[in-house]
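# Examination of the molecular architecture
Here is what each chain is made of, one letter per residue.
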Amino acid sequence: MAALRRGCGRLLARRPGAAQALTAGVLMGAGDVIAQQLVERRGLRGHQGPRTLKMMAMGICFVGPVVGGWYRLLDRLVPGSTKVVAVKKMLLDQGGFAPCFLGCFLAITGAMNGLSAEENWSKIQQDYTDALLTNYCIWPPVQIANFYFVPLKHRLAVVQCVAIVWNCYLSWKANRM
């Protein structure tokens, strides 16, 4: 276990983007497994492996790079780590980034699930407001703590650990037909 932790630490130091993308992918996959097994109660025979792989790919190719890049940009836009700075970052994150990110997430997930443009738009209209309101119940306090206490290189990992529950919700929301 110590060797794994050292290896992850080296990867984070040498290739932070790759480490963040990989972490996001694993945790998005974990969220989907939890959604399928505990929320939807599919059981092992009913588990949709391709769906879990799609969610992992979404984490690696979209969530990790986009959120990691956003945190780097946010640190340049609003430097510092005081309480006031943390609140400003949270307001930018939740007021600007989260609504756009969530819409993109739902659109990409719909496309990955083979929905036509019309079906995808209908699904986004059905799910977006509820998902955004749920986002606002969970993320503002998490993000204030994240921006105040956590160094930049670890923010995505902290958020993704909290996000296992969020990913479970998103996976369930994005994949129910």
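This text goes with the structure placed above it.
Parameters and conventions
Residues numbered from 1 in each chain as written. Predicted model: local features only at pLDDT ≥ 70, side-chain atom pairs only at ≥ 80, totals over all residues. Heavy atoms only, no water. 1 Å grid on protein atoms, 1.4 Å probe; cavity = no way out; pocket = protein on both sides within 12 Å on 5 of 7 lines; lining within 4 Å. Points joined across faces, edges and corners; volume = space filled by probe spheres on them. Helix = DSSP H or I, 4+ residues; strand = E, 2+ residues; numbered from the N terminus. Nonpolar A, V, L, I, M, F, W, Y, C, P; charged D, E, K, R; others polar. Phe/Tyr/Trp six-rings, centres within 6.5 Å; stacked < 30°, edge-to-face > 60°. Buried < 20%, exposed > 50% of the residue type's maximum accessible area, 1.4 Å probe, protein only. Axes fitted to C-alpha atoms, helices over the stretch in contact; angles between N-to-C directions. Parallel < 35°, antiparallel > 145°, perpendicular 65-115°, else oblique. Left-handed = near helix turned anticlockwise from the far one by under 90°. Contact = heavy atoms within 4.5 Å. Core = buried A, V, L, I, M, F, W, Y, C linked by side-chain atoms within 4.5 Å. Salt bridge = Lys/Arg side-chain N within 4 Å of Asp/Glu carboxyl O.

This part covers empty space enclosed by the protein. Here the structure, examined in full by the defined rule, presents two cavities of 30 Å³ or more. In terms of lining residues, the largest cavity is bounded by 21 residues, among which V67, F101, W139, V159 and W166 are the most central. Elements represented by at least two residues in the lining of the largest cavity include exactly α4 (49-77), α5 (83-112), α6 (117-149) and α7 (152-175). Tallying contributions element by element places α5 first for the lining of the largest cavity, with seven residues. Classifying every residue of the lining of the largest cavity by side-chain character gives 15 nonpolar, five polar and one charged. For the second largest cavity, the calculated volume is near 30 Å³. In terms of lining, the second largest cavity is formed by K54, M55, T109, M112, N113 and N175.

To describe a pair of aromatic rings, one takes the distance between the centres and the angle between the planes. In this structure the tally under the stated criterion is seven aromatic pairs. Measuring from centroid to centroid gives 5.1 Å for F62 and F101, while their planes differ by 5°, and the two rings are stacked. Of this pair, F62 sits in helix α4 while F101 sits in helix α5; the two residues are 39 residues apart in sequence, bridging distant segments of the chain. Pair check on accessibility: F62 and F101 agree, each one buried. Ring pairing ties together the aromatic residues F62, W70, F97 and F101, which thus form one cluster.

For the rest of this paragraph, the subject is the packing of α5 against α7. Viewed as axis vectors pointing N to C, α5 and α7 meet at an angle of 45°, and their least axial separation amounts to 13 Å. Taken together, the axis directions place α5 and α7 in an arrangement best described as oblique. Along this stretch, α5 crosses α7, giving a crossing that reads as right-handed. Contact with α5, carried on its side by K89, L102, F105, L106 and T109, involves R155, W166, L170, A174 and N175 of α7 and no other residues of that element. The residue inventory of the contact of α5 with α7, partitioned by class, reads six nonpolar, two polar and two charged.

Time to look at the environment of I144. Of note, I144 is situated in helix α6. With relative accessibility at 30%, the residue I144 sits in the partly exposed group. Aside from chain neighbours lying at most four places away, what touches I144 is A86, V87 and M90.

Time to look at the side chain of N135. Mapping N135 onto the fold places it in helix α6. Looking at N135, the relative accessible area reads 6%, which means it is buried.

Of all hydrophobic cores here, the largest spans 30 residues; its most connected members are V63, V67, L102, F105 and W166. Elements represented by at least two residues in this core include exactly α2 (16-39), α4, α5, α6 and α7. The element best represented in this core is α4, accounting for eight residues. Beyond its immediate sequence surroundings of up to four residues, W166 is in contact with L102, A131, T134, N135, I138 and W139.

Applying the stated rule across the entire model yields six salt bridges. A salt bridge links K89 to D75, with the nearest nitrogen and oxygen atoms 2.5 Å apart. With K89 in helix α5 and D75 in helix α4, the pair connects residues that are 14 residues apart, well separated along the chain. In this structure K89 comes out as buried when scored by relative accessible area, which is 0%. Residue classification places D75 among the partly exposed positions, given a relative accessible area of 22%. Measuring nitrogen to oxygen at the nearest pair gives 2.5 Å for the salt bridge that ties D127 to K123. Placement of the pair is D127 and K123 together in helix α6, with a separation of four residues, close to one helical turn.

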